[in-house]
Amino acid sequence: MDNLLIYGENMTGLSFLLHEKGLKGKIDLVYIDPPFATGTNFTVSDNRFSTVSSSRTGQIAYTDKVTGKEFVEEIRKRCLLIKELLSEKGSIYLHTDYKIGHYLKVMMDEVFGIENFRNDITRIKCNPKNFDRIGYGNIKDMILFYSKTARPIWNEPRWEYSERDLEKLFPKVDSQGRRYTTVPIHAPGESANPQPFKGMMPPKGRHWRTDVSELEKLDKQGLIEWSSNGNPRKINYADEKNGKRVQDIWLDYKDPQYPLYPTEKNQDFIDMIIQTSSNTNSIVLDCYCGSGTTLKSASDNGRTWIGIDRSDVAIQSTRKKLDSQQTLFSTGYDYIEL
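So, here is what we can say about the structure in this document. Source: prediction; values computed, not measured. (Residues numbered from 1 in each chain as written. Predicted model: local features only at pLDDT ≥ 70, side-chain atom pairs only at ≥ 80, totals over all residues. Heavy atoms only, no water.)

1. Let's talk about the sheet that holds strand β19 (residues 334-337)
Hydrogen bonds between backbone atoms are what pair the strands of a sheet, whose relative direction is either parallel or antiparallel.
So, step 1. Pairing in this open sheet of nine strands is mixed, and the strands run β16-β6-β7-β5-β2-β17-β18-β1-β19 from one edge to the other. Two strands in the sheet have a free side with no partner beyond their single neighbour: β16 (249-250) and β19.
So, step 2. As defined by bridge partners, strand β1 (residues 4-7) adjoins β19 across four bridges and the pair is classed as parallel. Residue I6 lies in a different strand from β19, and its bridge partner there is I336.
So, step 3. Together, β5 (86-96), β6 (117-124) and β7 (140-147) form the strand contacts of helix α3 (residues 101-112), whose direction differs from that of β7 by roughly 5 degrees.
So, step 4. The sheet strands contacting helix α8 (residues 312-324) are β1, β18 (304-309) and β19, and the helix crosses β1 at an angle near 160 degrees. (Pairing = 2+ DSSP bridges. Helix = DSSP H or I, 4+ residues; strand = E, 2+ residues; numbered from the N terminus. Contact = heavy atoms within 4.5 Å. Axes fitted to C-alpha atoms, helices over the stretch in contact; angles between N-to-C directions.)

Laid out in structure tokens, this is it:
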């Protein structure tokens, strides 16, 4: 399938993909960043092309007037179609905010199943705000992550260790200057047939984490550290780890300071989502594609993509971004108006 950009209302576009393009069960990843039910219009002014403007003379990029129950129902209808389009190994990431996100969470539990809820990800979107208000400053938004089934695509993401991480997580240094930490070689739960290691049994109520033969091998390799009172622990070296597990608070993915389109998102965190929850033969869908960041990221990462938007400004911004990019995987795209 070729990359596809659709100019039109996304309910129509999703139905077109489902019934005309035959993509039921074919899409591995959906990332959407719909309006947040703010009740306002978002405009871009001609004389402020590099930033968002609320000028009355600005061109409307998109309208965000639908709020409350009506807004949740609009998203629900789209999620029902998205669920049909998702493959059995597919996932959806819905980007929203603290005002409406909890209502969307309840709706998505219904559509995708609460058992397929994976994460409520907190993304720090901006620097601290110092203006006066009754309430704490809002510097975050939320991303709801669901899979269609219990076995989605999952390419484990990792963050690099900072110097502070290394000092905290690997506090010991060996004679060669290598940082390391130690972990127990036993775990909770008794074994039915425990075996001795170096003449000792696992503590009461616990079992060896691995076979005694493997523990013997680790000990010969110098990877078991014995404490002064004879307690064995496994050595883990920092330079043998490929970084730390990604957690559900994302600190380093703030929005562009001078966006080319309202609500334009940081591409680095879109890259991570695409790399984590899709493969190089996957189709990625964004039916609120805005300025095309998701589509560019999918292209950069060798995925096939589909984008849908009904805004003239969004389509113009997307086409400009896609047409100007030069990447290893750039293959062009089909353009359809519905």
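2. So, the sheet that holds strand β9 (residues 172-173)
So, step 1. The antiparallel open sheet is built from four strands, whose spatial order is β9-β10-β14-β13. The outermost strands of the open sheet, each flanked by one partner alone, are β9 and β13 (224-226).
So, step 2. When strand β10 (residues 179-184) meets strand β14 (residues 232-237), the two strands line up antiparallel, connected through five bridges. Each bridged residue has a counterpart across the sheet, and for T181 the counterpart in β14 is N236.

3. Some remarks on the environment of W208
So, step 1. Structurally, W208 is set in strand β12 (residues 206-208).
So, step 2. Between the C-alpha atoms of W208 and S191, which are 17 residues apart in sequence, the distance is 8.2 Å.
So, step 3. Those residues in contact with W208, other than ones at most four positions away along the chain, are I185, H186, Q195, P196, F197, M200, M201, P202 and L215.
So, step 4. There is a polar contact of 2.7 Å between the side chain of W208 and the backbone oxygen of Q195. (Polar contact = N/O pair within 3.5 Å; in protein donor to acceptor, adjacent residues only side chain to side chain.)

4. Remarks on the environment of N231
So, step 1. Residue position: N231 is located in the loop between β13 and β14.
So, step 2. Aside from chain neighbours lying at most four places away, what touches N231 is E225 and W226.

5. Remarks on the packing of aromatic side chains
So, step 1. Within this structure, the stated rule accounts for 13 aromatic pairs.
So, step 2. Taken together, a centroid distance of 4.3 Å and an interplanar angle of 5 degrees make the contact between Y93 and F145 stacked. Of the two residues, Y93 sits in strand β5 while F145 sits in strand β7, which places them 52 residues apart along the sequence. Each member of the pair Y93 and F145 is classed as buried.
So, step 3. Ring centres of F145 and W154 lie 6.1 Å apart, and the angle between their planes is 15 degrees; this geometry places the pair in the stacked category.
So, step 4. Take F145: its relative accessible area is 4%, and that puts it in the buried class.
So, step 5. Taking relative accessible area as the criterion, W154 reaches 39% and is therefore assigned partly exposed.
So, step 6. Of the aromatic side chains, those joined through ring pairs into one cluster are Y31, W250, Y253 and F269.
So, step 7. For R178, the ring lying beneath its charged end belongs to Y237, and the centroid distance is 3.7 Å.
So, step 8. Here the basic side chain of R319 rests over the ring of Y335, its NZ or CZ set 4.0 Å away from the ring centre. (Phe/Tyr/Trp six-rings, centres within 6.5 Å; stacked < 30°, edge-to-face > 60°. Buried < 20%, exposed > 50% of the residue type's maximum accessible area, 1.4 Å probe, protein only. Lys NZ or Arg CZ within 6 Å of the ring centre and 35° of its normal.)

6. So, the pairing of β18
So, step 1. Where burial is concerned, most of β18 is hidden: six out of the six residues are buried.
So, step 2. Burial of the side chains of β18 extends over both faces: T304, I306 and I308 are buried on one face and W305, G307 and D309 on the other.
So, step 3. Here β1 pairs with β18 via four bridges, running parallel. Bridge pairing links L5 to G307 in β18.
So, step 4. Pairing analysis gives four bridges linking strand β17 (residues 283-286) to β18, with the strands arranged parallel. The residue bridging L285 from the neighbouring strand is I306, located in β18.

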